[in-house]
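# Chain and residue survey
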Amino acid sequence: MSRLIDAVRARPAAAKPTPTQSSARRFVVIDCETTGLSPAGGDRMVSFAAIELAEATPTGRCLSLIFNPGRKSNPHALRVHGLPDHLLRHQDPFHSVARDVRDFLDGAVLVGHNVGFDIDFLRHEFQLCGLPWAPGQSVCTMQHARAQVAGRASLDAVATLFGIDVGIRARFHGAFVDAEITSRLFQKMILGSAEMLAVPHLAPTNQIDPPSVVRQSAAPITHGIDGHAFAVTGELTGLSREAVMARILALGGIWHHSVRKDTDYLVVGHAPGATKLDTAAARRAKYGKPDIIDEAQFFAMVAASRAGKRG
């Protein structure tokens with residue numbers, strides 16, 4: 001049995017089917033995250049979520065999937081979905097589960113916030129797999145919102161207007177989170193449900209954990225920044241790239257914009273770039289450095305530098 005089928009069954013049904021539910025309209029709320037905005041320009045899907053409803057009731061059947069898009073995300077898309085290239089390139093491609101995704105969508109009315117965007121990317125992915133797919137009816141909550149309410153029609157704005165807490169999007173801006181919020185919005189705004197039934201969060205069930213990029217040394221790093229050369233990939237907590245550079249230089253370190261043969265350390269933050277990681281691995285194999293460290297190790301070196309100055 002494929003991982004996708006396991007994903008469909010990962011959550012118990014919200015309620016046992018009844019005779020009236022057997023003839024209920026079947027909706028599937030969908031959302032995807034992508035490397036960019038244009039499938040025609042070669043952008044690909046990096047994650048996909050689907051939540052099934054019978055009329056206004058979630059059935060418990062859900063998908064939450066992640067894919068290797070075969071290309072890098074553009075910087076804006078990366079800031080939105082937060083899935084680093086290093087993580088994505090270790091995942092299986094969309095075609096590994098394409099038939100199962102198509103079967104899950106078959107016969108359903110597709111629902112989404114700007115659903116045309118999601119359908120275009122699904123169509124593109126199925127075409128790349130050589131699988132025929134003809135989406136049926138669809139409902140766009142964004143279009144309905146523009147017709148019903150004044151002001152912005154973003155998912156955050158409209159959901160908040162209908163009393164849906166979107167605070168989780170500050171921590172997760174993923175396909176499943178957006179699909180779940182859209183599901184409740186659809187229940188309330190379009191189906192007129194008095195109660196909006198939520199679906200428990202489902203992390204990507206097919207995710208493959210990549211190998212650690214940080215080499216944990218048996219002996220902790222106890223020296224400071226002074227005299228050592230650093231490059232950084234990804235985002236460090238609470239610091240811009242310029243602030244990291246300024247801190248390194250102020251403590252007597254050397255800043256490298258790219259990984260060079262004389263770079264001593266590559267500091268890895270959130271959403272690291274695959275290019276710098278690959279370059280660091282190649283440089284280390286040839287020159288014996290840089291060491292790849294995480295931000296905790298880096299800040300320990302900063303603390304050691306400051307302690308040395310006080311001493």
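Figured I'd write up the structure that's included with this text.

What counts as what
Residues numbered from 1 in each chain as written. Predicted model: local features only at pLDDT ≥ 70, side-chain atom pairs only at ≥ 80, totals over all residues. Heavy atoms only, no water. Buried < 20%, exposed > 50% of the residue type's maximum accessible area, 1.4 Å probe, protein only. Helix = DSSP H or I, 4+ residues; strand = E, 2+ residues; numbered from the N terminus. Pairing = 2+ DSSP bridges. Axes fitted to C-alpha atoms, helices over the stretch in contact; angles between N-to-C directions. Contact = heavy atoms within 4.5 Å. Parallel < 35°, antiparallel > 145°, perpendicular 65-115°, else oblique. Left-handed = near helix turned anticlockwise from the far one by under 90°. Core = buried A, V, L, I, M, F, W, Y, C linked by side-chain atoms within 4.5 Å. Polar contact = N/O pair within 3.5 Å; in protein donor to acceptor, adjacent residues only side chain to side chain. Expected span 1.5 Å × (residues − 1).

Next up on the list: the pairing of strand β8 (residues 265–268). In β8, alternate side chains face the same way, and those of Y265 and V267 on one face and L266 and V268 on the other are all buried. Examined bridge by bridge, strand β6 (residues 229–233) and β8 share four bridges and lie parallel to one another. By the bridge assignment for β8, T233 is matched with V268. Both β8 and strand β9 (residues 291–294) contribute to a ladder of four bridges, which runs parallel. Residue pairing in the sheet places Y265 in a bridge with D291 of β9.

Right, let's get into the sheet that holds strand β5 (residues 138–140). Strand order in the open sheet formed by five strands is β3-β2-β1-β4-β5, with mixed pairing between adjacent strands. Among the strands making up the open sheet, the edge pair consists of β3 (57–66) and β5. On average, each strand axis in the sheet is inclined to that of its neighbour by 20 degrees, with strand direction left out of account. Summarising the sheet, strand β1 (residues 26–34) and strand β2 (residues 45–54) pair through nine bridges and their orientation is antiparallel. The residue of β2 that forms the bridge with T34 is M45. Sheet strands in contact with helix α4 (residues 98–105) are β1, β2, β3 and β4 (109–112), and its direction is about 140 degrees off that of β1. The strands that helix α8 (residues 175–190) touches are β1, β2, β3, β4 and β5; relative to β2, the one it contacts most, it runs at about 35 degrees.

A separate point is unusual backbone geometry. The omega torsion of the bond from K289 to P290 falls at 15 degrees, within 30 degrees of zero and hence cis. When you line up the elements, P290 lands in the loop between α10 (274–287) and β9. The residue E55 is not glycine, and still its phi comes out positive at about 55 degrees. Summarising the element assignment, E55 is placed in the loop between β2 and β3. With phi around 70 degrees, N114 is a residue other than glycine that occupies positive phi space. Note on placement: N114 falls in the loop between β4 and α5 (115–129). For N114, a relative accessible area of 35% corresponds to the partly exposed category.

Another point: the packing of α4 against α5. Axis separation between α4 and α5 bottoms out at 11 Å; the angle between their running directions is 135 degrees. Between α4 and α5, the crossing angle belongs to the class labelled oblique. For the pair α4 and α5, the crossing hand works out as left-handed. Across the interface between the two elements, A98, V101, R102 and L105 of α4 pack against L122, F126 and C129 of α5.

The next subject is the nonpolar core. Counting residues in each nonpolar core, the largest one holds 38 residues, and the members touching the most others are I30, F48, V101, L105 and L122. Among the secondary structure elements, those contributing two or more residues to this core are β1, β2, β3, α4, α5, α6 (141–148), α7 (155–161) and α8. Setting aside its immediate chain neighbours within four residues, L122 contacts I30, M45, F48, F94, V101, L105 and W133.

Considering the arrangement of structural elements, one finds R184 in helix α8. Here E180 takes part through its side chain, which lies 2.8 Å from a polar atom of the side chain of R184. Apart from residues no more than four positions distant in its own chain, R184 is found in contact with I164, D165, M196, L197 and A198.

Right, let's get into α8. With 16 residues, α8 extends 21 Å from end C-alpha to end C-alpha; this agrees with the ideal 22 Å at 1.5 Å per step. The buried count for α8 comes to 14 of 16 residues, which makes it a mostly enclosed element. Downstream of α8 by one or two residues, G192 has phi in the positive range, about 70 degrees.

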